[in-house]
Amino acid sequence: MANDELFEKGFQNRKDVLGAAHVEKSWNSADDFNRPMQKLVTEYCWGEIWSDPTLPFKTRSLINLAMLTAMSQHHELAAHVKGALRNGVTKDEIRAVLMQAAIYCGVPLALAAFRVASEAIAAYEAEAARG
(Lines give C-alpha, C1' and ligand atoms only; values in the text may rest on other atoms or scores of the structure.)
Protein backbone atom coordinates (compact mmCIF):
# COMPACT_ATOMS: atom_id res chain seq x y z
CA MET A 1 0.00 0.00 0.00
CA ALA A 2 1.20 3.52 -0.73
CA ASN A 3 1.52 5.91 2.20
CA ASP A 4 -1.68 7.74 1.19
CA GLU A 5 -3.55 4.44 1.17
CA LEU A 6 -2.00 3.46 4.51
CA PHE A 7 -2.99 6.80 5.97
CA GLU A 8 -6.60 6.58 4.74
CA LYS A 9 -6.98 2.97 5.90
CA GLY A 10 -5.30 3.80 9.20
CA PHE A 11 -7.45 6.88 9.74
CA GLN A 12 -10.58 4.76 9.22
CA ASN A 13 -9.33 1.95 11.49
CA ARG A 14 -8.43 4.51 14.14
CA LYS A 15 -11.93 6.04 13.96
CA ASP A 16 -13.58 2.60 14.03
CA VAL A 17 -11.72 1.65 17.21
CA LEU A 18 -11.27 4.91 19.11
CA GLY A 19 -14.32 6.79 17.84
CA ALA A 20 -14.48 9.40 15.11
CA ALA A 21 -14.74 12.37 17.48
CA HIS A 22 -11.60 11.36 19.42
CA VAL A 23 -9.55 10.77 16.26
CA GLU A 24 -10.70 13.88 14.44
CA LYS A 25 -9.98 15.97 17.54
CA SER A 26 -6.45 14.53 17.74
CA TRP A 27 -5.80 15.12 14.04
CA ASN A 28 -7.33 18.60 13.98
CA SER A 29 -5.43 19.71 17.07
CA ALA A 30 -2.10 18.54 15.62
CA ASP A 31 0.34 21.31 14.82
CA ASP A 32 3.46 21.55 12.67
CA PHE A 33 5.52 20.03 15.47
CA ASN A 34 3.44 16.94 16.29
CA ARG A 35 1.55 16.33 13.00
CA PRO A 36 4.38 14.12 11.65
CA MET A 37 3.97 11.85 14.69
CA GLN A 38 0.18 11.71 14.21
CA LYS A 39 0.78 10.81 10.55
CA LEU A 40 3.30 8.10 11.46
CA VAL A 41 0.97 6.53 14.04
CA THR A 42 -1.97 6.67 11.65
CA GLU A 43 -0.06 5.10 8.75
CA TYR A 44 1.95 2.42 10.48
CA CYS A 45 0.17 1.58 13.73
CA TRP A 46 -3.38 1.90 12.43
CA GLY A 47 -2.83 1.43 8.68
CA GLU A 48 -0.16 -1.28 8.53
CA ILE A 49 -0.56 -3.21 11.79
CA TRP A 50 -4.29 -2.88 12.50
CA SER A 51 -5.07 -3.67 8.83
CA ASP A 52 -3.25 -7.01 9.01
CA PRO A 53 -6.09 -9.55 8.91
CA THR A 54 -4.15 -12.15 10.93
CA LEU A 55 -5.63 -10.86 14.21
CA PRO A 56 -9.17 -9.49 14.49
CA PHE A 57 -9.72 -6.10 16.12
CA LYS A 58 -11.15 -7.74 19.24
CA THR A 59 -7.94 -9.72 19.79
CA ARG A 60 -5.79 -6.66 19.11
CA SER A 61 -7.82 -4.73 21.68
CA LEU A 62 -7.30 -7.40 24.34
CA ILE A 63 -3.56 -7.42 23.67
CA ASN A 64 -3.42 -3.61 23.86
CA LEU A 65 -5.19 -3.60 27.22
CA ALA A 66 -2.60 -5.97 28.64
CA MET A 67 0.37 -4.09 27.16
CA LEU A 68 -0.87 -0.64 28.17
CA THR A 69 -1.53 -1.90 31.70
CA ALA A 70 1.98 -3.35 31.89
CA MET A 71 3.45 -0.02 30.74
CA SER A 72 1.22 2.07 33.03
CA GLN A 73 -0.04 4.11 30.09
CA HIS A 74 -3.32 5.24 31.63
CA HIS A 75 -4.31 7.84 29.06
CA GLU A 76 -3.94 5.35 26.22
CA LEU A 77 -5.54 2.61 28.32
CA ALA A 78 -8.71 4.66 28.76
CA ALA A 79 -9.01 5.21 25.01
CA HIS A 80 -8.37 1.54 24.30
CA VAL A 81 -10.90 0.32 26.88
CA LYS A 82 -13.54 2.26 24.97
CA GLY A 83 -12.12 0.92 21.71
CA ALA A 84 -12.23 -2.62 23.06
CA LEU A 85 -15.90 -2.21 23.91
CA ARG A 86 -16.51 -0.91 20.34
CA ASN A 87 -14.70 -4.02 19.07
CA GLY A 88 -17.01 -6.38 20.94
CA VAL A 89 -14.88 -7.03 24.02
CA THR A 90 -17.11 -7.57 27.04
CA LYS A 91 -16.62 -6.05 30.47
CA ASP A 92 -15.99 -9.58 31.77
CA GLU A 93 -13.19 -10.02 29.22
CA ILE A 94 -11.67 -6.67 30.17
CA ARG A 95 -11.79 -7.70 33.83
CA ALA A 96 -10.11 -11.04 33.00
CA VAL A 97 -7.27 -9.28 31.16
CA LEU A 98 -6.72 -6.89 34.07
CA MET A 99 -6.83 -9.74 36.59
CA GLN A 100 -4.19 -11.61 34.60
CA ALA A 101 -2.14 -8.40 34.40
CA ALA A 102 -2.22 -8.26 38.21
CA ILE A 103 -0.39 -11.59 38.34
CA TYR A 104 2.11 -10.96 35.54
CA CYS A 105 2.65 -7.19 35.88
CA GLY A 106 1.90 -6.47 39.51
CA VAL A 107 -1.07 -5.60 41.66
CA PRO A 108 -0.42 -1.82 41.82
CA LEU A 109 -0.46 -1.56 38.00
CA ALA A 110 -3.62 -3.64 37.78
CA LEU A 111 -5.36 -1.60 40.49
CA ALA A 112 -4.58 1.59 38.57
CA ALA A 113 -5.78 -0.05 35.37
CA PHE A 114 -9.04 -1.08 37.04
CA ARG A 115 -9.63 2.54 38.12
CA VAL A 116 -8.96 3.80 34.59
CA ALA A 117 -11.05 1.05 33.00
CA SER A 118 -14.00 1.63 35.35
CA GLU A 119 -14.08 5.31 34.42
CA ALA A 120 -13.71 4.54 30.71
CA ILE A 121 -16.49 1.94 30.81
CA ALA A 122 -18.81 4.37 32.57
CA ALA A 123 -18.01 7.09 30.02
CA TYR A 124 -18.54 4.67 27.13
CA GLU A 125 -21.88 3.53 28.53
CA ALA A 126 -22.98 7.14 29.09
CA GLU A 127 -22.06 8.01 25.49
CA ALA A 128 -23.95 4.96 24.22
CA ALA A 129 -27.02 5.86 26.26
CA ARG A 130 -27.05 9.34 24.71
CA GLY A 131 -27.05 7.69 21.31
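Residues numbered from 1 in each chain as written. Predicted model: local features only at pLDDT ≥ 70, side-chain atom pairs only at ≥ 80, totals over all residues. Heavy atoms only, no water.

- An unreviewed UniProt entry annotates the protein as Gamma carboxymuconolactone decarboxylase of Bordetella flabilis.

## Overview of the UniProt feature "domain: Carboxymuconolactone decarboxylase-like" (unreviewed entry) in the protein
Next up, step 1: UniProt's feature table lists "domain: Carboxymuconolactone decarboxylase-like" (unreviewed entry) at residues 37–119, given in the numbering used throughout.
Next up, step 2: As annotated, residues 37–119 comprises 82% helix and 0% strand, and the C-alpha atoms at either end are separated by 28 Å. (UniProt positions renumbered as here; feature names shortened; annotations may be inferred. Helix = DSSP H or I, 4+ residues; strand = E, 2+ residues; numbered from the N terminus.)

## Quick notes on the side chain of Thr-69
Next up, step 1: Inspection of the secondary structure puts Thr-69 in helix α4 (residues 57–70).
Next up, step 2: Contacts of Thr-69, omitting those with residues within four sequence positions, involve Leu-77, Leu-98, Ala-101, Leu-109, Ala-110 and Ala-113. (Contact = heavy atoms within 4.5 Å.)

## Some remarks on the packing of helix α1 (residues 3–18) against helix α3 (residues 35–49)
Next up, step 1: Between α1 and α3, whose axes approach to 7 Å, the crossing angle comes to 80°. Here α1 lies roughly perpendicular to α3, going by the angle between them. Listed contacts from α3 to Asn-3, Leu-6, Phe-7, Lys-9, Gly-10, Phe-11, Asn-13, Arg-14, Val-17 and Leu-18 of α1 are Gln-38, Lys-39, Val-41, Thr-42, Glu-43, Tyr-44, Trp-46, Gly-47 and Glu-48.
Next up, step 2: Grouping the constituent residues of the contact of α1 with α3 by class yields eight nonpolar, six polar and five charged. (Axes fitted to C-alpha atoms, helices over the stretch in contact; angles between N-to-C directions. Parallel < 35°, antiparallel > 145°, perpendicular 65-115°, else oblique. Nonpolar A, V, L, I, M, F, W, Y, C, P; charged D, E, K, R; others polar.)

## Points about the environment of Leu-111
Next up, step 1: Relative to the helices and strands, Leu-111 is located in helix α7 (residues 107–130).
Next up, step 2: Each C-alpha atom, one on Leu-111 and one on Thr-69, is 9.6 Å from the other, the two residues being 42 residues apart in sequence.

## Topic: α4
One turn of an α-helix holds 3.6 residues; hence residues three or four places apart share an orientation.
Next up, step 1: For α4, built from 14 residues, the straight-helix expectation of 20 Å at 1.5 Å per residue is met to within 8% by its first-to-last C-alpha distance of 20 Å.
Next up, step 2: Along α4, the residues that are buried comprise Arg-60, Ser-61, Asn-64, Leu-65, Leu-68 and Thr-69. Seen from one end, α4 has its buried residues packed into an arc of 160°, which puts them on one side.
Next up, step 3: The secondary structure elements touched by the buried residues of α4 are α3, α5 (74–86), α6 (91–105) and α7.
Next up, step 4: Phi turns positive, to about 55°, at Ser-72, one or two residues after α4. (Expected span 1.5 Å × (residues − 1). Buried < 20%, exposed > 50% of the residue type's maximum accessible area, 1.4 Å probe, protein only. Arc of directions from axis to C-beta.)

## Some details on the packing of aromatic side chains
Next up, step 1: Enumeration according to the criterion identifies five aromatic pairs in this entry.
Next up, step 2: With 5.5 Å between their ring centres and 20° between their planes, Phe-7 and Phe-11 make a pair best called stacked. Of this pair, Phe-7 and Phe-11 both sit in helix α1, four residues apart, which is roughly one turn of the helix.
Next up, step 3: Look at Phe-11 and you get buried, because its relative accessible area is 13%.
Next up, step 4: Ring centres of Trp-50 and Phe-57 lie 5.1 Å apart, and the angle between their planes is 75°; this geometry places the pair in the edge-to-face category.
Next up, step 5: Judged by its relative accessible area of 23%, Phe-57 is partly exposed.
Next up, step 6: One aromatic cluster is present, built from ring pairs that chain together Phe-7, Phe-11 and Trp-27. (Phe/Tyr/Trp six-rings, centres within 6.5 Å; stacked < 30°, edge-to-face > 60°.)

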